[in-house]
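Residues per chain are reported as follows:
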Amino acid sequence: MTRPSLDSRSLDTLIKDVFEQVKSSGDQALRDFTLKFEKKSISNLAYTSEEISEKASLVPQELQDAIQVAYNNIYAFHESQKLVEKRIETSPGVVCWQKSSAIERVGIYIPGGTAPLFSTILMLAIPAQIAGCKEVVLCTPGEHPALFYAAKLCGVTQMFRIGGSQAIAAMAQGTESVPAVYKIFGPGNQYVTAAKMYANRLGVAIDMPAGPSEVAVFADESANPSYIASDLLSQAEHGHDSQVILVSTSETILNESIEAIKIQLADLPRQEFAESALKNSQFILLKSKDEAIELLNEYGAEHLILACENPENFADSITNAGSIFLGHFTPESAGDYASGTNHTLPTNGFAKAYSGVNLDSFVKKITLQSISKAGLENIGPSIIQMAEAESLQAHANAVKIRLS
């Protein structure tokens, strides 16, 4: 169950230096780091609205239509997560409730590496849009037109041509051009991940601890080995440090899936990445579904595919997973792009304690309470007793003075 290791501690010195230089030199440090790490010279850090519109217009109509389908589904699912105000009278005259308040300024990071992850802009900017975040700051070194199309579609307010750990440092601390944000979202390599963790130590919220992408598949004798192979490879192609797990109660299905992987792997453009990821991967034969449930809950997969009969019943026993995909016709890539659920999910076993990104990730829940005179008379004696038992007399007096 061991994941590919990611030791951010070894990066701390480098990340600390990046943060300190960005804090002291601002925009110029961002230009210097971009030249050093990415071999690119940039003068203007921010994209103008005209530049964004011009680049967005280069997206072919077919891709625009596909993005719009994904946008509509993601928007519908996340809008359904809005808090419905519910006032509860906990005691006569004592009323409590919650309200959602948007995080006013959020930052989104999108890598500029081997895959232009414009889908992640949808996953992060759409709930920010629904939540009512006033400022959505996007940093990416990527230049694919779809990045700009998605940013414009989702209401991103500012977009910057910076990447790497320096982009995280800029959003965490602010520069002359880049505003400091209150929470940072988005995937990235080990430097970006370490930078997000460093920003968190400085008091800036982050979406979650992130690591290499992963998928676990449970397959019984009803599964289709070709489908399983395609699902495993869809995660393995992410990168060298990704991991895929196949758990099965059928030796035949397990072996046939391995053979199907070999066949499909030969035709993948990202074959090298997938082959490396498969070296981190495990194919596990178990005696029963109960054993599989125990193992899968211990693993706590980012993505869990249940390629079995009665998958919903099986899912009832799963307590640790980022997102679950039920049945033979629910590929993990549907959740990555267009079904509506969010693909920003906890990895590395963090699904045991963390949820994936959702609408709540972009809001704070503020509690409110209103107590009438009669209500205070009702619960006041209990408050006084408890406060005095904790030796907090001023707490007790705040009630006593009102009741006298």
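(A) Highlighting the overall build of the protein. When you go through the protein residue by residue, the secondary structure sums to 16 helices and 13 strands. Dimensions of the protein, computed from C-alpha atoms along their principal axes, come out at roughly 80 × 60 × 45 Å. Across the 404 residues that make up the protein, the buried fraction comes to 47%. When contacts within the protein are restricted to residue pairs at least 6 apart in sequence, long-range pairs at least 24 apart make up 71% of them. Summed over its atoms, the accessible surface of the protein is roughly 19600 Å², and 50% of this surface lies on carbon and sulfur atoms.

(B) Molecular detail of the nonpolar core. Counting 41 residues, the largest nonpolar core has V106, L122, C133, L138 and F362 as the members making the most contacts within it. For this core, the secondary-structure elements that each account for two or more residues are α3 (49-56), α4 (61-79), β3 (105-109), α5 (118-131), β4 (135-139) and α6 (145-153). When residues in this core are grouped by element, the largest group, ten residues, is from α5. Those residues within four positions of V106 in sequence are excluded, and the remaining contacts are A128, C133, E135, V136, V137, V181, K183, F185 and F362. Core analysis: the second largest hydrophobic core is formed by 30 residues, A170, M171, V192 and A195 among them.

(C) Inspection of the packing of aromatic side chains at higher detail. In total, this model carries eight aromatic pairs according to the counting rule given. With centroids separated by 4.7 Å and ring planes inclined at 55°, the aromatic side chains of F19 and Y198 adopt a geometry described as tilted. Placement of the pair is F19 in helix α1 (residues 12-25) and Y198 in helix α8 (residues 190-201), with a sequence separation of 179 residues. Considered together, F19 and Y198 belong to a single accessibility category, that of buried residues.

(D) Structural detail: the packing of α4 against α5. At their nearest, the axes of α4 and α5 sit 10 Å apart, and the two run at 40° to each other. Judged by the inter-axis angle, α4 sits oblique to α5. For the pair α4 and α5, the crossing hand works out as right-handed. Two secondary-structure elements touch here, α4 through L63, I67, A70, Y71, I74, Y75, H78 and E79 and α5 through F118, L122, M123, I126, P127, Q129 and I130.

(E) Main features of helix α9 (residues 225-236). Here α9 is twelve residues long and its end C-alpha atoms lie 16 Å apart, about the 16 Å a rise of 1.5 Å per residue gives. Burial of α9 is extensive: nine of the twelve residues sit out of reach of the surface. Taken as a whole, α9 has its buried residues at P225, I228, A229, D231, L232, L233, S234, Q235 and A236. You can read the cap of α9 off the contacts: a side-chain oxygen lies 2.9 Å from the backbone nitrogen of S226, and it is on N224.

Rules of the game
Residues numbered from 1 in each chain as written. Predicted model: local features only at pLDDT ≥ 70, side-chain atom pairs only at ≥ 80, totals over all residues. Heavy atoms only, no water. Helix = DSSP H or I, 4+ residues; strand = E, 2+ residues; numbered from the N terminus. Buried < 20%, exposed > 50% of the residue type's maximum accessible area, 1.4 Å probe, protein only. Contact = heavy atoms within 4.5 Å. Areas by Shrake-Rupley, 256 points an atom, 1.4 Å probe, with all protein chains shown as cover. Core = buried A, V, L, I, M, F, W, Y, C linked by side-chain atoms within 4.5 Å. Phe/Tyr/Trp six-rings, centres within 6.5 Å; stacked < 30°, edge-to-face > 60°. Axes fitted to C-alpha atoms, helices over the stretch in contact; angles between N-to-C directions. Parallel < 35°, antiparallel > 145°, perpendicular 65-115°, else oblique. Left-handed = near helix turned anticlockwise from the far one by under 90°. Expected span 1.5 Å × (residues − 1). Polar contact = N/O pair within 3.5 Å; in protein donor to acceptor, adjacent residues only side chain to side chain.

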